[in-house]
Amino acid sequence: MHRKKKTVNTWFPEQSDFAGKDDILSLMDFTAVELGEKIKSGDVSVVDAAKDCLDAIEKSEKDICAFITRIDEKEVIRQAEEIQKKIDAGELSGPLAGVPVAIKDNICTEGIRTTCASRILSDFIPPYSATVVSKLQNEGALIVGKTNMDEFAMGSTTETSYFGVTKNPWNLNRVPGGSSGGSAAAVSAHQVTFALGSDTGGSIRQPCAYCGVTGIKPTYGSVSRNGLIAYGSSLEQIGPIAKDVRDCAVILEAIMGHDTKDSTSVKRKKPGLLSSLTEDITGVRIGVPRDYFNSGTDIQIKDAVLEAVKVLTKKGAVVEEFDLSLVEYAVPAYYIIASAEAGSNLSRFDGVKYGFRTKEYNDLHQMYKRTRSEGFGDEVKRRIMLGSFVLSAGYYDAYYMKALKSKALIKKAFDSAFEKYDVILGPVTPSVAPETGTSLKDPIKMYLGDIYTVSANLAGLPAISVPCGLDEEGMPIGLQLMGDCFNEKDVLKVAYAFEKTRDYQKSPAASGGKAV
Amino acid sequence: MKDYESVIGLEVHVELSTQTKIFCGCTTEFGGEPNTHTCPVCTGMPGALPVLNKQVVEHAIAVGLATNCEINRNCRFDRKNYFYPDNPQDYQISQLYEPICLNGFVDINADGEKKKIRIHEIHMEEDAGKLIHDENAALSYVDLNRSGVPLIEIVSEPDMRSAQEVIAYLEKLRTIIQYLGASDCKLQEGSMRADVNLSVRKAGTDSLGTRTEMKNLNSFKAISRAIAAETARQISIIEEGGNVIQETRRWDDNKEESFSMRSKEDAQDYRYFPEPDLPGIFISQKWIDEIKAFQPEFKDEKKERYISEYCIPEEDADIITDSKHLAGIFERTAVLCGEPKKVSNWLMVDTLRLLKEKSMDASDIKFSPENLAKLIKLTGSGIINSTVAKEVFEEIFEHDTDPDVYIKEHGLAQVNDESALRETIQKVIDENPQSVEDYRNGKEKAMGFLVGQTMKAMAGKANPGMVNNILKELL
């Protein structure tokens, strides 16, 4: 345990509670909560934080390419000054006041271009903000930019973006994962203190695992989807990507809650997530599905995850192996449901009302066809076609209905598992971040890489990804903890206890050095 | 022709009269500058989500209960996917798999015969926007003010056999829905739209022929003409040895013929699937009971009651109860003045005439029962005569004027002063010796002339009974 409590009066060049032995080079090396405390106590100003953030982005963005849109420097400073005034006047006192944040580019920001990393929305400026964005702004968080992603969140590598490929801060030849690759890379490279991502089939957890940062997909219905440009409506949630579990808890607490603008959002009592941040996990029942260690899983990942099991057992958790079953149905069910919804959700991008429209056309149908042919990338088209197929007359029962039945059975399997366990533990991914340019050659193989993450989306469960080591080549490995619906608390508790047994490992890009 | 019968089923769209749209808070008000009654939801902005208007569900349940439907207590919405610029999401939120109302019926009366028309289902959905085409510039504009206005679609079984039955069915639905206040059901304004599914077959056979669907029917007259024309068209095809093609046709009421819009082969695959943005709707028995408790007395019961309770003729009761508003005026006025037959006369004669003259609807009537009741009392007690009463009624109809005040201000009270009447009548007799002569020779008509002259001399205010008596006496 290296996170000793000590009072820091001046931030530079002293050590951070969080950053362990490393020298603090930038305010972006702090966690969101630490930075928020320093701003609140007056140690640093919001403008200091904003400047460090802009500098950090400037320094590594050429290598990382985490952002699609960066807010103009003057505008960021102006907003920082405004937030500072509100803090000084006592109007803002929350933990995130003045803390810089990046937002995944499928979350609408009023007046700020929101592209979904697609040509078809490459000039789209939303007339309204997503509920999560308004919530963060009301907390005084400072939005510095919109992060890169797979086009319309379809992909596992952030390579399908119309705006270029994001690089992994641990190794620039590797992908950061996806679809929230830009958000995970920006946090991992310490360009920002935290970011928002979205997770339809693992799009928060997988890039967090690949980039060595922490992110949670909340229970379906916990965070409003209003303003999240839909991909798989019944599966996705917005969630935080941050440096540690405490940040995730604080950010999640800030963005969650019932929203009258999202009928699928749930009325929940404020769960008091911060109270779950204790290291005492004595008696917590953890189930480890045998099915999550199949032959396709990298042996180094298996070892790292089983090492985590040992650590947690030592801390007093009761760990047991069990058979979850149905795991092999999760990926096909997921791709059918998500594609079906995507095909319908993406219909509205037709060149009529906003976004890209083809230059030349003779009639309406040609306009539709050309706009969509030119506006969407290959992976998006692949999923629209797949989605249209599985819903078409004569195939609905064979595919879509069957997928819905599988989804219900998978949920049932989890329900019975959660009768026995508080938390289910496993890997996030079967392998570490692959090299850029390799995944899209074999989409089926890429889809199968989602095997351990999609179940949480199908069953609506909260699931977190926390770093649990590096492989021989120095690439991060993620540990996944899933809880029953609405039980973020146990997930955060176990994640927090596990995190406390380890040092935070900074990516080479964040350390100021070049990543490979 | 006589050997054939037409088999007709209807799909009726009704625009519900809610304040706001089905999935957002925008106003449903008709008109307005293009794209001013809109928001991210009803313009299909990325990331915007639908939120169901509870009032729409309540209206749909109310219509379902009034048409003897089962209420589907676990209904939900589905997406109907198709591309068209008036449909901003490029899918319509509708109900396919679990519609809100099922298996109902209404009784109709056509050509003096009672008949049951079965209702297959009623479902809720959103309306589309409007396209405005600029032919000169080869441009089309999209107005999304109507996008998201709530609709219910009432789908009948193919139980109708004639245009008369179709009109009777539509009138039945319209009255029920208007009584519920769920819609104003105006065909001309599009708040009620009917698509006619029609096939023909040899009379006496049971099998169904190939049907066509007819769209763009904007009045009952258009519906009648379209049914006649389509029946004739299909029969002539069959008589000539051809086959009717299953297709959608568009009726042109000016040309009085229909044109093919699209055939079954061109039919789109709508790829319906459950709307993931809206949870299923659970409708509790308590909710249904509450809505049931608020159901009004409908036309048929009301009509029967008016006949037995107020002793008005069946024809009067039938017409008065066509409009819930008119029926309300009738009943309240009748209670106030205690003269139902007189109330009925005012409504049936003068009110209907004025409505027609001013091309108004019964629902547009603004005058209060209190003032009509006063007028009836004033006439009954002889304070004004019937000629004056008609003048005063026009005032009431127009401005809801208090007749007491109006009569006083305009000095319209009837003259019952015998000496004044005698004086005037004597003058009339003196001035019209020829008529007096004629009367005495047995010409009854002359009497009428003299009465008229007297009324004229007294500016219409004379008590006609007294004038008659005095005239007779003096002659």
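Since the model is a prediction, treat every value here as computed from it, not as a measurement.

Peer 1: Explain the overall build of chain B to me, please; I cannot follow it from the model alone.
Peer 2: The number of helices and strands found in chain B is 15 helices and 16 strands. Over its C-alpha atoms chain B spans a radius of gyration of 29 Å, topping by over 25% the 23 Å that the globule rule assigns to 475 residues. Dimensions of chain B along its principal axes, counting C-alpha atoms only, are 90 × 55 × 55 Å. Among the 475 residues that make up chain B, the fraction classed as buried is 51%. Counting only contacts in chain B whose residues sit at least 6 apart along the sequence, the fraction spanning at least 24 positions is 70%. Surface exposure of chain B reaches about 22800 Å², of which carbon and sulfur atoms provide 49%. Here chain B carries 57 positive and 81 negative side-chain charges, and the mean point of each set is 2 Å from the other.

Peer 1: Help me understand the nonpolar core, please; the structure alone is not making it clear to me.
Peer 2: Nonpolar side chains tend to gather and get buried jointly when the protein is soluble and globular. Core analysis: the largest hydrophobic core is formed by 169 residues, its most contacted members being Phe152 and Phe414 of chain A. If one sorts the elements of this core by residue count, helix 9 (residues 327–345) of chain A sits on top with 11 residues. Excluding anything up to four places from it in sequence, Phe152 of chain A contacts Cys116, Ser118, Ile120, Leu121, Ile229, Tyr231, Leu346, Phe349, Phe376 and Val380 of chain A. With 104 residues, the next largest nonpolar core counts Ile108, Ile152, Tyr169 and Phe393 of chain B among its residues.

Peer 1: Please clarify how the sheet that holds strand 11 (residues 192–202) of chain B should be interpreted in this entry.
Peer 2: Whether parallel or antiparallel, the strands of a sheet pair through hydrogen bonds between backbone atoms. All names here are of chain B. Pairing is mixed in the open sheet, where nine strands are placed in the order 2-6-7-10-1-11-12-13-14. Bordering the open sheet on either side are strand 2 (70–71) and strand 14 (257–263), each of which pairs with just one other strand. Taken together, the seven bridges between strand 7 (residues 113–126) and strand 10 (residues 150–156) define a ladder with antiparallel strand orientation. Across the sheet, residue Glu125 finds its bridge partner in strand 10, namely Leu151. Sheet strands in contact with helix 1 (residues 54–66) are strand 2, strand 6 (101–110), strand 7 and strand 10, and its direction is about 165 degrees off that of strand 7.

Peer 1: What's the story with the interface of chain A and chain B in this structure? I'm lost.
Peer 2: It is common to give the size of an interface as the accessible area lost on bringing the parts into contact. Of the residues lining the interface, 37 residues belong to chain A; the matching set on chain B comes to 31 residues. Taken over both partners, the interface formed by chain A and chain B buries close to 2700 Å², and the fraction arising from carbon and sulfur atoms is 59%. The tally of links between chain A and chain B comes to two salt bridges. Here Asp277 of chain B ties to Arg225 of chain A by a salt bridge, and the two come within 3.0 Å at their closest N and O atoms. Scanning the region where chain A abuts chain B turns up 16 residue pairs in polar contact (both at pLDDT 80 or more). Looking at the side of chain A that touches chain B, the elements with two or more residues in it are helix 9, helix 10 (364–375) and helix 11 (378–391) of chain A. Element by element, the count of residues in the side of chain A that touches chain B is highest for helix 9 of chain A, at four residues. Looking at the side of chain A that touches chain B, its residues break down into 17 nonpolar, 12 polar and eight charged.

Peer 1: I'm lost on the packing of helix 1 (residues 32–41) of chain A against helix 7 (residues 245–255) of chain A in this one. Help?
Peer 2: Relative orientation and spacing of two packed helices are given, respectively, by the angle between their axes and the distance between those axes. Residues and elements named next belong to chain A. At their nearest, the axes of helix 1 and helix 7 sit 8 Å apart, and the two run at 70 degrees to each other. Judged by the inter-axis angle, helix 1 sits roughly perpendicular to helix 7. Between helix 1 and helix 7, the contacting residues are Ala32, Val33 and Glu34 on the first element and Arg246, Asp247 and Val250 on the second. Of the residues in the contact of helix 1 with helix 7, the class split is three nonpolar, no polar and three charged.

Peer 1: Is there a simple way to think about the state of the cysteines in this case?
Peer 2: When the sulfur atoms of two cysteines share a covalent bond, that bond is a disulfide. Residues and elements named next belong to chain A. What the rule picks out here adds up to zero disulfides over all chains. With no disulfide of its own, Cys65 lies closest to Cys211 among cysteine sulfurs, the gap being 13 Å. Exposure remark for Cys65: the relative accessible area of 26% places this residue in the partly exposed category. Of all cysteine sulfurs in the structure, the one in Cys116 sits closest to Cys108, which takes part in no disulfide; the separation is 7.7 Å.

Peer 1: What is the right way to look at the domain arrangement of chain B in this model?
Peer 2: Assigned domains of chain B: these are domain 1 (4–289), domain 2 (297–410) and domain 3 (418–474). Here the C-alpha centroids of domain 2 of chain B and domain 3 of chain B sit 32 Å apart.

Peer 1: Would you mind showing me how to read a nonpolar patch on the surface here?
Peer 2: Taken together, the side chains of Phe389, Tyr395 and Tyr399 of chain A define a hydrophobic patch exposed on the protein surface, amounting to about 270 Å² of accessible area. Residue Tyr395 of chain A is classed as partly exposed on the basis of its relative accessible area, which comes to 38%.

Peer 1: Just checking my understanding: could you explain the confidence of the model for chain B for this structure?
Peer 2: Low-pLDDT stretches of the model should not have their predicted coordinates read in fine detail. Looking at chain B, pLDDT values average 92 and 100% of them are 70 or higher. On the interface metric, ipTM, the complex scores 0.93, and its pTM is 0.90.

Peer 1: Can you walk me through the pattern of salt bridges in this structure?
Peer 2: Side chains that differ in sign of charge can pair as their charged atoms come close. Counting across every chain of the model gives 58 salt bridges over all chains. Residue Lys315 of chain A is joined to Glu279 of chain A by a salt bridge in which the shortest nitrogen-to-oxygen separation is 3.1 Å. With a gap of 36 residues between them, Lys315 of chain A in the loop between helix 8 (299–314) and strand 8 (318–322) and Glu279 of chain A in the loop between helix 7 and strand 7 (285–289) connect regions that are remote in the sequence. Assessed through its relative accessible area of 25%, Lys315 of chain A is described here as partly exposed. Between Asp318 of chain B and Lys299 of chain B there is a salt bridge, with the nearest N and O atoms lying 3.2 Å from each other. Placement of Asp318 of chain B in helix 6 (residues 314–320) and of Lys299 of chain B in helix 5 (residues 299–310) is noted, with a sequence separation of 19 residues between them. For Lys299 of chain B, a relative accessible area of 13% puts it in the buried group. Among the charged side chains, a salt-bridge network with shared partners connects Arg225 and Asp262 of chain A together with Arg79, Glu275 and Asp277 of chain B.

Peer 1: I would appreciate a short explanation of helix 15 (residues 464–474) of chain B in the present structure.
Peer 2: Residues and elements named next belong to chain B. Burial in helix 15 covers these residues: Val467, Ile470 and Leu471. The buried residues of helix 15 occupy one face: seen down the axis, they fall within an arc of 105 degrees. For helix 15, exposure combined with an orientation more than 90 degrees from the buried face picks out Asn469, Lys472 and Glu473. The secondary structure elements touched by the buried residues of helix 15 are helix 12 (418–431) and helix 14 (444–457).

Peer 1: Help me out: how do you make sense of unusual backbone geometry in this one?
Peer 2: It is generally the case that most residues other than glycine have a negative phi and that most peptide bonds are trans. In this chain, Gly178 of chain A is followed by Ser179 of chain A through a cis amide linkage whose omega measures 10 degrees. Within the secondary structure layout, Ser179 of chain A lies in the loop between strand 3 (142–147) and helix 5 (181–188). One non-glycine residue, Asp90 of chain B, lies in positive phi territory at about 60 degrees. The backbone of Asp400 of chain B shows a phi angle near 50 degrees, a positive value even though the residue is not glycine. With respect to the helices, strands and loops of the structure, Asp400 of chain B is situated in the loop between helix 10 (386–399) and helix 11 (403–410). Its relative accessible area of 27% is what places Asp400 of chain B among the partly exposed residues.

Definitions and limits used
Residues numbered from 1 in each chain as written. Chains lettered and ligands numbered in written order. Predicted model: local features only at pLDDT ≥ 70, side-chain atom pairs only at ≥ 80, totals over all residues. Heavy atoms only, no water. Helix = DSSP H or I, 4+ residues; strand = E, 2+ residues; numbered from the N terminus. Rg over C-alpha atoms; globule rule 2.2 N^0.38 Å. Buried < 20%, exposed > 50% of the residue type's maximum accessible area, 1.4 Å probe, protein only. Contact = heavy atoms within 4.5 Å. Areas by Shrake-Rupley, 256 points an atom, 1.4 Å probe, with all protein chains shown as cover. Lys, Arg positive; Asp, Glu negative; His and termini not counted. Charge placed at Lys NZ, Arg CZ, Asp CG, Glu CD. Core = buried A, V, L, I, M, F, W, Y, C linked by side-chain atoms within 4.5 Å. Pairing = 2+ DSSP bridges. Axes fitted to C-alpha atoms, helices over the stretch in contact; angles between N-to-C directions. Buried area = accessible area lost by both parts, 1.4 Å probe. Salt bridge = Lys/Arg side-chain N within 4 Å of Asp/Glu carboxyl O. Polar contact = N/O pair within 3.5 Å; in protein donor to acceptor, adjacent residues only side chain to side chain. Nonpolar A, V, L, I, M, F, W, Y, C, P; charged D, E, K, R; others polar. Parallel < 35°, antiparallel > 145°, perpendicular 65-115°, else oblique. Disulfide = S-S within 2.5 Å. Domains from an automatic or database assignment. Patch = residues over 30% accessible without salt bridge, like charges linked within 9 Å, V, L, I, M, F, W, Y side chains within 5 Å. pLDDT = per-residue confidence, 0-100. Arc of directions from axis to C-beta.

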